[in-house]
Amino acid sequence: MNTQDTRRPSGKKLSLKEKYAQMTRGLGWDTTYEPMDKVFDQLGLEGIKIHDWDKWEDPFRLTMDAYWKYQAEKERKLYAVLDAFQQNNGHLNISDARYVNTLKLFFTGITPAEYNAHRLFSMLGRQFPGPGAAIACQMQAVDELRHVQTQIHCISQYNKYFNGLHDHTVMNDRLWYLSVPKSFFEDAISSGPFEQIIAISFALEYLLTNLVFMPFMSGAAYNGDMATVTFGFSSQSDEARHMTLGLECIKFVLEQDPGNAAIIQRYLDKWFWRGYKVLGLVSMMLDYMLPKKVMSWKEAWDIYFVQNGGSLFNDLSRYGLRMPKYWEQSVAEAEHLSHQTWNAFYNFSGAAAFHVWLPSDEDMAWLAEKYPNTFDQHYRPRIEHYRKLQAEGKRYYNPSLPMLCQTCQTPLIFTEMDDPTRTSHRQLEHDGDTYHFCSDGCRDIFAGQPDKYVSAWLPAHQILQGNCVEPGAEAAGDPGADALRYFHVVAGQDNLDYEGSPDEANWLRWKGLDKMPPAAAA
Amino acid sequence: MTSIQSTVFMALQTNDDTRPIIEALQRDNPDAVVHRLPAMVKIDAPGRLVLKRSTVEEILGTDWDLQSINLNLISLSGNVDESEDEMILHWNR
Amino acid sequence: MSVEIRVASIDPIRQTFARTARRFGADKPASRYQEASFDLQPRDNFHYRPVWDPQRDIYDRRRTAIEMRDWDDFRDPRQYYYATYVLNRARMQEAAEKNFEFVDRHGLMATLNAGQVQDIETLLLPLRHLEWAANLNNCFISAYCFGSPMAQGAIYTTTDRLGIAQYLSRIGLLIDGNSGQSLADAKARWLDDPAWQPLRRLTERSLVQKDWFEIFFAQNLVLDGLIHPLLYAPFHSGVGDAGGAYLAMLTEFIKDWSADNQKWVDACLKIAAAESPVNRARLSAWTTAWKAQALDALAPLAQRAAHLDGPERLAAASRALDQRIAKLGFDAA
């Protein structure tokens, strides 16, 4: 350690890679006063074997100073847009107030999920012993918090003018259909660290997130929602880093030990299907909820899953991985998914925090063009029937509580793909009880970890058992009314049809359309 | 899935910062296909896509820091190989 | 954008989110910090027990001995949310970048005498590993604490500590001409040099703690409260005259950061202490346990820094910590 020998000011220039390695990779050490497996005590939970964390390849080599610099620039741009949006009542420039219902679903379903991701990546940032992997996770942990907050600040303006956005965190914990994304994220966060990262970084971010953000943000742009486009694309610029983390991670784990592949394949099968079931909500956003449509769910699934996911699995096949189980079924279902999902919400809109409506003639022409094999045959007649009932003042609501899938928690609303008149319903016995599932995929997932899934908090069951009563409030005795209050859904304000809602009345007034004859205002 | 052509892509925000980046991608990747969508430009290429700092600098006429792509990148697919001179997306590294 | 006269009649139907109105008492316009920071963590109806802690919920109050009626009470006096946090750090890093560039461009490290270089090598650079441990400890807090305000503050400190470790690394690269030799030597000291072993032992002990508030206490109050005045401060004030000012430039970020971070640390501890006598007793007990261990662990390094008044600095730091603790509302050991 002769200082004179090592002092070479103005030495060689380091490449980005070398600089990052010097500044980062040597920071960790093998502890000796405390055993490593006590310092990093979750690594043995899953049977994944890692022999050398130094083999981790850093996908993006951002040092903290560069991170602060670029992220600050993004935030300056984003908040300049949000300020302008608020000062200029930008919410009046959207295509139609129906559009805001996509934001309600996003804000109550996805934003709380991003919060869970913030905490999940903090866990991973602490649990992975290699600084390369840990740092990538830590940056994602703080990025995810960014996404939560920029979404809140964007929606803040909408919340001042539209209903259904006012209590997104409580709704996410309690509202029945939001248990679909909630249970997805809690399933991930309650898993071991490798399953956590495969679930979120790989299955969700890499394989599926493009389906949420790319068409949805283009849809926002198309529908005049400047604020959402801006936060969406700004979030996505972090997402590019996160997706790369997912791919690097899976390769690293697969290259570390041949025994890991079987475990990873199991995770992929599970999390592909888990993620796919959450995306059912996105399918109806694209096909039914955007007043000006960008692309159909089927087109999005073709581009971002079939083509993009196909390329990915081509690349991974040399590790012995195959496409996730039941992917073919997801392709077949793409013809049906959005229609059946929207139908369910039309039936149960009394208990939802957003509004529904029947598609217009123009909408139906678009759906028929995008779904030539299914729409006119199966779904147009039903919509026309609902229209007729509505015209007669007999708007159809489903008064019962739907049976929920024990795994993904969607109601059993989907049909068999070879017979669109027969509900897809699977069962399994476990410890003397019968459990119900929406699909083979969900039944298989349950069968893999029955003790985990029996503990799921199924909203329909909880309502029937009288557990959905606002704490501190007196039960009204009407489970439906009690449940709405428990969900923090204001009856007559947040739920039911768009037509006749306070949102509609406000919109028409703000736009000066309320004084026009109804035909011109529509 | 072997019947499917492995495509990589890069999606960028539509703005003045990305215009030279898209031009550079077109120049250096003759097979790339550019899709202009609302607020976003998606560039697909069979198997491999390379973004070269030198090409962007040539178009811009000034220095350009490749890491600043982080400001405008919306999404990508493929394995990422990044240095200070180029960013490569590819399958089968 | 069409701004028309009739905009004047467009009144909001509410001012803020329900959770914000509940917390701050009324439906009135709220700040971005308020809307973005509080009551974000899931509370009800957890579906599954975590495989990594099957006795508890995913988010669980029982992961610390500290008790709070309201875990979202931990307001950050700096009111950092992500945007204000990164904008602040971006300004700090811009100044730091200019300092590093200036020193590098003019070859100013060459003006340091052998003693100064040795001080950097033996007293400063091994701290990059301590900062890494501090990073992991704060990341643990962000992961397993209860309530979104605490998790938020902790993740900012997590990334800050990585930033500091990287600035320390750059100081090393400046003196070894980018060979990385000084960093390898510093790691060898951290692992084997007898003077550093007690501190490493204590650091590793902090890494196996499970009570996240105790980790907060040990790392952010006790260890930082003693290490900054003992080992960083001599570099802030220009060690050994000629060239010392350059070292002050290179460690300026660390100094500014410490003052900034301490506001958050002190606010959290003050709130916890004010909550209940039980909390105060717990915090006092932790003081007894951690401060004595930290003073022992740092004694050999104070000796190593004797020419920089190490022992006097450590004694002064210990007194200052006691005074700070008294102000925070619990008892010093």
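Here the structure is shown first, and the text comes after it.
Residues numbered from 1 in each chain as written. Chains lettered and ligands numbered in written order. Predicted model: local features only at pLDDT ≥ 70, side-chain atom pairs only at ≥ 80, totals over all residues.

K.L.:
Hey, could you run me through the overall build of chain A in this one?
P.N.:
Looking only at helices and strands, one finds 24 helices and four strands in chain A. Expected size for 522 residues packed as a compact globule is a radius of gyration near 24 Å; at 25 Å, chain A falls within 12% of this value. Principal-axis analysis of the C-alpha atoms gives chain A an extent of 90 × 60 × 50 Å. Contacts in chain A between residues far apart in sequence, at least 24 positions, make up 77% of those at least 6 positions apart. (Helix = DSSP H or I, 4+ residues; strand = E, 2+ residues; numbered from the N terminus. Rg over C-alpha atoms; globule rule 2.2 N^0.38 Å. Contact = placed C-beta atoms within 7 Å.)

K.L.:
Would you take a moment to explain the overall build of chain C for this structure?
P.N.:
A tally of regular secondary structure across chain C gives 13 helices and zero strands. The N-to-C order of helical and strand elements in chain C reads α-α-α-α-α-α-α-α-α-α-α-α-α. Along the first, second and third principal axes, the C-alpha atoms of chain C reach 70 × 55 × 40 Å. In chain C, of all internal contacts separated by at least 6 residues, the share reaching a separation of at least 24 is 72%.

K.L.:
In this structure, what is going on with the interface of chain A and chain B? I would like to understand it.
P.N.:
For an interface, size is often stated in terms of accessible area lost upon the parts coming together. Contact residues are listed per partner, giving 33 residues for chain A and 28 residues for chain B. Counting residues per element, the ones that place at least two in the side of chain A that touches chain B are α2 (16-24), α4 (64-87), α10 (193-222), α11 (226-256) and α14 (297-316) of chain A. Element by element, the count of residues in the side of chain A that touches chain B is highest for α11(A), at nine residues. When the residues that make up the side of chain A that touches chain B are grouped by side-chain class, the tally is 16 nonpolar, eleven polar and six charged. (Nonpolar A, V, L, I, M, F, W, Y, C, P; charged D, E, K, R; others polar.)

K.L.:
I would appreciate a short explanation of the arrangement of the chains in the present structure.
P.N.:
There are two pairs of chains in contact here, and the one with the most contacts is chains A and C. There is no contact between chain B and chain C; across them, the least C-alpha separation is 14 Å.

K.L.:
I'm lost on α10(A) in this one. Help?
P.N.:
Along an α-helix, a turn takes 3.6 residues, which lines up residues three or four apart on a common side. All names here are of chain A. Along α10, the helix axis deviates most sharply at Leu208, where the bend reaches about 60°. When you tally the buried positions in α10, you get 30 out of 30 residues, the bulk of the element. Where α10 terminates, the next one or two residues include Gly224, which has phi positive at roughly 75°. (Bend = angle between axes of the 7 residues up to and from the residue. Buried ≥ 20, exposed ≤ 12 C-beta atoms within 10 Å, placed from the backbone.)

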